[in-house]
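Residues per chain are reported as follows:
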Amino acid sequence: MQFCANKLDKKDFFGKSDPFLVFYRSNEDGSFTICHKTEVVKNTLNPVWQAFKISVRALCNGDYDRTIKVQVYDWDRDGSHDFIGEFTTSYRELSRGQSQFNVYEVVNPKKKVKKKKYINSGTVTLLSFLVETEVSFLDYIKGGTQINFTVAIDFTASNGNPAQPTSLHYMNPYQLNAYGMALKAVGEIVQDYDSDKMFPALGFGAKLPPDGRISHEFALNGNPQNPYCDGIEGVMEAYYRSLKSVQLYGPTNFAPVINHVARYASSVKDGSQYFVLLIVTDGVISDMAQTKESIVNASKLPMSIIIVGVGPAEFDAMIELDGDDVRVSSRGKYAERDIVQFVPFRDYIDRSGNHILSMARLAKDVLAEIPEQFLSYMRARGIKPSPAPPPYTPPTHVLQTQI
């Protein structure tokens, strides 16, 4: 909204007035709450204030006919601002935009009582009014946008020999290892957003049987044509099965799994699907340049990457990929948007490394940036959420009573 005023009362002894507006929302009990103040325009009786943005909820609590009170003051340095006058309106009136209906007389009730000839203390005019609907992540989910989660697990030798208790991949029959804990914890958070709960699960950095070729993008379930696992439990089973059959090797290349998901994401750009790649890694990365290039390319696609770092390594490279402080770039091209969220798993487990301190905090941090990343893609492409289907009502069965 933007407002201007004309012929306001002169309040300053040496100058004109320094007017500003204060907007109040009326409450259920008849009281008023300040919801916006404009800036002060110095030394004028005909100010034009800057346009401002306010949510409909803050202005009138979503009630279009609720009273909105606007007071006009003359600013004073000592804080004892002089009251010029006031008027009331409503969201419905304001939404008519610039018109004769939106020119308001500014009235000072005390003056009105005292002076018989008093008309007003000036007028305030609405110059412009624009409503933008802010849609949320859930509006898209309700409208049918599918979230597809892919899991990628680091099978490089830097994790340590799975037969040794010091390994991050240690196969302990009695409790989950670091990867198992991270997968289960993060997977259970993200699976709620994936309607079919079928997750492609990939591994990278291992030598595969029977010929010992090194792969940076293999199906954990051993089926490259159909790498889908049923739920997080299915992913866990495939992970344990892989650990028994592959040989940890290297190097740690992220680009192949990022490009794998990007290939799928590039085929659905209409907003009906969004892809999230979860990489669980010990953080020692070998193909930094290629990974940055993959991220820059993927930033144009409907996808996000969550990197969960397990183990005690320094995760400087992961923090760099996260792009919160400095946008990721490759060959002089910057990522269109930040699509990487990095979470160091050790911040969420106790000293023994066996228990998660706060599942809720982990959930919050893992998913902290996904909705905003998702919305930034949809906004940039001008994709609006589809209308939500009507809520399901079960058919009513008439009970046949036998007599």
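Residues numbered from 1 in each chain as written. Predicted model: local features only at pLDDT ≥ 70, side-chain atom pairs only at ≥ 80, totals over all residues. Heavy atoms only, no water.

**What to know about the overall build of the chain**
Item 1. Helix and strand counts for the chain stand at 11 helices and 19 strands.
Item 2. For 403 residues, the compact-globule estimate of 2.2 N^0.38 gives 22 Å, and the C-alpha radius of gyration of the chain, at 30 Å, exceeds that figure by more than 25%.
Item 3. With respect to the three principal axes, the spread of C-alpha positions in the chain is 100 × 80 × 40 Å.
Item 4. The averaged location of the 45 negative side-chain charges in the chain is 9 Å from the averaged location of its 43 positive side-chain charges. (Helix = DSSP H or I, 4+ residues; strand = E, 2+ residues; numbered from the N terminus. Rg over C-alpha atoms; globule rule 2.2 N^0.38 Å. Lys, Arg positive; Asp, Glu negative; His and termini not counted. Charge placed at Lys NZ, Arg CZ, Asp CG, Glu CD.)

**Let's talk about the packing of helix α7 (residues 255-265) against helix α8 (residues 288-298)**
Item 1. Orientation of α7 relative to α8, taken along the N-to-C sense of each, is 15°, at an axis distance of 9 Å. What the angle tells us is that α7 and α8 run roughly parallel. Two packed elements cross with a definite hand, and for α7 against α8 that hand is left-handed. Residues Ala255, Ile258 and Asn259 of α7 form the contact with α8, whose own contacting residues are Gln290, Thr291, Ser294 and Ile295.
Item 2. The residue inventory of the contact of α7 with α8, partitioned by class, reads three nonpolar, four polar and no charged. (Axes fitted to C-alpha atoms, helices over the stretch in contact; angles between N-to-C directions. Parallel < 35°, antiparallel > 145°, perpendicular 65-115°, else oblique. Left-handed = near helix turned anticlockwise from the far one by under 90°. Contact = heavy atoms within 4.5 Å. Nonpolar A, V, L, I, M, F, W, Y, C, P; charged D, E, K, R; others polar.)

**Notes on the domain arrangement of the chain**
Item 1. Each domain of the chain was delimited in the assignment, giving domain 1 (2-128) and domain 2 (137-381).
Item 2. Computed over C-alpha atoms only, the centres of domain 1 and domain 2 are separated by 54 Å. (Domains from an automatic or database assignment.)

**Examining the nonpolar core**
Item 1. Formed by 52 residues in total, the largest nonpolar core has its most connected members in Phe155 and Leu362.
Item 2. The biggest single contributor to this core is helix α5 (residues 178-190), with eight residues.
Item 3. Apart from the residues lying within four places of it in its own chain, the contact partners of Leu362 are Ala185, Val186, Ile189, Val343, Phe345, Tyr348 and Ile356.
Item 4. With 31 residues, the next largest nonpolar core counts Ile258, Ala298, Phe315 and Val340 among its residues. (Core = buried A, V, L, I, M, F, W, Y, C linked by side-chain atoms within 4.5 Å. Buried < 20%, exposed > 50% of the residue type's maximum accessible area, 1.4 Å probe, protein only.)

**Notes on the UniProt feature "domain: C2" (unreviewed entry) in the chain**
Item 1. Taking the numbering used here, the UniProt-annotated feature "domain: C2" (unreviewed entry) corresponds to residues 1-104.
Item 2. Span residues 1-104 is 9% helix and 37% strand, its end C-alpha atoms 15 Å apart. (UniProt positions renumbered as here; feature names shortened; annotations may be inferred.)

**Structural notes on the pattern of salt bridges**
Item 1. Under the defined criterion, the tally for this structure stands at 12 salt bridges.
Item 2. Between Asp9 and Lys111 there is a salt bridge whose closest N-O contact spans 2.7 Å. With Asp9 in the loop between β1 (2-6) and β2 (19-26) and Lys111 in helix α3 (residues 109-114), the pair connects residues that are 102 residues apart, well separated along the chain.
Item 3. The shortest N-O distance in the salt bridge between Lys292 and Glu320 comes to 2.5 Å. Of this pair, Lys292 sits in helix α8 while Glu320 sits in helix α9 (residues 316-322), placing them 28 residues apart in sequence.
Item 4. For Glu320, a relative accessible area of 42% puts it in the partly exposed group.
Item 5. If you follow the salt bridges from partner to partner, you end up with Glu28, Asp63 and Arg66 in one network. (Salt bridge = Lys/Arg side-chain N within 4 Å of Asp/Glu carboxyl O.)

**Some words on the sheet that holds β1**
Item 1. Read from one edge of the open sheet, three strands run β1-β7-β6, paired in antiparallel fashion. The strands lining the two open edges of the sheet, one partner per strand, are β1 and β6 (103-105). Here the average twist between neighbouring strands, direction ignored, is 25°.
Item 2. Strand direction decides the pairing type here: β6 and strand β7 (residues 123-128), joined by three bridges, are antiparallel. Within β7, the position partnered with Val103 by the bridge is Thr125. (Pairing = 2+ DSSP bridges.)

**Re the packing of aromatic side chains**
Item 1. A complete count under the given rule lists 18 aromatic pairs for this structure.
Item 2. Ring centres of Phe87 and Tyr104 lie 4.7 Å apart, and the angle between their planes is 15°; on these two criteria the pair is classed as stacked. Here Phe87 is found in strand β5 (residues 82-90), whereas its partner Tyr104 is found in strand β6, with 17 residues between them in sequence. Pair check on accessibility: Phe87 and Tyr104 agree, each one buried.
Item 3. Among the aromatic residues, ring-to-ring pairing joins Phe137, Tyr140, Tyr193, Tyr274, Phe374 and Tyr377 into one connected group.
Item 4. A cation sits over an aromatic face here: Lys69 above Tyr24, 5.3 Å from the ring centre. (Phe/Tyr/Trp six-rings, centres within 6.5 Å; stacked < 30°, edge-to-face > 60°. Lys NZ or Arg CZ within 6 Å of the ring centre and 35° of its normal.)

**Remarks on the UniProt feature "domain: VWFA" (unreviewed entry) in the chain**
Item 1. In the numbering used here, UniProt assigns the "domain: VWFA" (unreviewed entry) feature to residues 148-349.
Item 2. Taken end to end, residues 148-349 is 28% helix and 26% strand, and its two terminal C-alpha atoms sit 27 Å from one another.

**Some details on the environment of Asp287**
Item 1. Its place among the elements puts Asp287 in the loop between β15 (273-281) and α8.
Item 2. Residues Asp287 and Ala317 lie 30 residues apart in sequence; the distance between their C-alpha atoms is 11 Å.
Item 3. Every residue in contact with Asp287, bar those within four places of it in the chain, is listed here: Thr252, Asn253, Phe254, Ala255 and Pro256.

**A few points about the side chain of Thr44**
Item 1. Its place among the elements puts Thr44 in the loop between β3 (32-37) and α1 (56-60).
Item 2. In terms of polar contacts, Thr44 uses its side chain to reach the backbone amide nitrogen of Asn46, at 2.9 Å.
Item 3. Residues within four places of Thr44 in sequence aside, it is in contact with Lys16, Ser17 and Pro19. (Polar contact = N/O pair within 3.5 Å; in protein donor to acceptor, adjacent residues only side chain to side chain.)

**Things to note about the environment of Gly30**
Item 1. Along the chain, the position of Gly30 falls in the loop between β2 and β3.
Item 2. Placed 32 residues apart in sequence, Gly30 and Gly62 show a C-alpha to C-alpha distance of 16 Å.

**Digging into unusual backbone geometry**
Item 1. Put simply, Pro209 and Pro210 share a cis peptide bond, and its omega is 0°.
Item 2. Looking at where Pro210 falls in the secondary structure, it is placed in the loop between β10 (206-208) and β11 (213-215).
Item 3. Note that the residue after Gly250, namely Pro251, is joined by a cis bond; omega there is -5°.
Item 4. Counting through the fold element by element, Pro251 comes out in the loop between β14 (247-248) and α7.
Item 5. Positive phi, normally seen in glycine, also occurs at Lys7, with a value near 50°.
Item 6. Within the fold, Lys7 resides in the loop between β1 and β2.
Item 7. One non-glycine residue, Asn61, adopts positive backbone phi at about 55°.
Item 8. Tracing the backbone shows Asn61 in the loop between α1 and β4 (67-74).

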